[in-house]
Amino acid sequence: QVQVAESGGGVAQAGGSLRLSCAASGRTFNNYHMAWFRQTPGKEREFVAAITKTGSSTYYADSVKGRFTISRGNAKNTVYLQMNSLKPEDSAVYYCAAVLYGTSSWSRESDYNYWGQGTQVTVSS
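Residues numbered from 1 in each chain as written. Predicted model: local features only at pLDDT ≥ 70, side-chain atom pairs only at ≥ 80, totals over all residues. Heavy atoms only, no water.

> Break down the overall build of the protein for me, with residues and values.
Each helix and strand in the protein was counted, giving 0 helices and 11 strands. By the compact-globule yardstick of 14 Å for 125 residues, the protein fits well, its C-alpha radius of gyration being 13 Å. Dimensions of the protein along its principal axes, counting C-alpha atoms only, are 40 × 25 × 25 Å. Looking at the protein residue by residue over its 125 residues, the buried ones come to 42%. Accessible area for the protein stands at about 6,400 Å²; split by element, carbon and sulfur atoms hold 44% of it. Charge-centre separation for the protein: the mean point of 12 positive side chains lies 9 Å from the mean point of 8 negative side chains. (Helix = DSSP H or I, 4+ residues; strand = E, 2+ residues; numbered from the N terminus. Rg over C-alpha atoms; globule rule 2.2 N^0.38 Å. Buried < 20%, exposed > 50% of the residue type's maximum accessible area, 1.4 Å probe, protein only. Areas by Shrake-Rupley, 256 points an atom, 1.4 Å probe, with all protein chains shown as cover. Lys, Arg positive; Asp, Glu negative; His and termini not counted. Charge placed at Lys NZ, Arg CZ, Asp CG, Glu CD.)

Here is the structure:
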């Protein structure tokens, strides 16, 4: 079992950058594939990015490809989301998620077993 907690949210101007962190507890962090999702009021949670347990593969939503980068530091039990060229439509609560076994669809929310509480990102125009 793993617990995850996000940090690093805040306010940024359009075109700016933020880096989110997700710290995981437990000694088995290296066994988990990790992902970021986001949600705005009145909308379903949407996939942002995912990274395999070794960090060898990454996956992105089309809306963030080329602007966001997901990475992980297994020695620090942490996964990161570097967000550049931010847009107002990136404003959302960002959630970190973990899945122990592989999934056939990295963007499928229901495949992830563990979730953090979320961190708010607001991008002003």
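> Any chance you could break down the packing of aromatic side chains for me, citing the residues and the numbers?
The full count for this structure, using the stated rule, is 6 aromatic pairs. An aromatic cluster is defined as three or more aromatic residues linked by ring pairs; in this entry it consists of F37, F47, Y112 and W115. Taking NZ or CZ as reference, R45 lies 4.0 Å from the ring centre of W115, over its face. Taking NZ or CZ as reference, R72 lies 4.5 Å from the ring centre of F29, over its face. (Phe/Tyr/Trp six-rings, centres within 6.5 Å; stacked < 30°, edge-to-face > 60°. Lys NZ or Arg CZ within 6 Å of the ring centre and 35° of its normal.)

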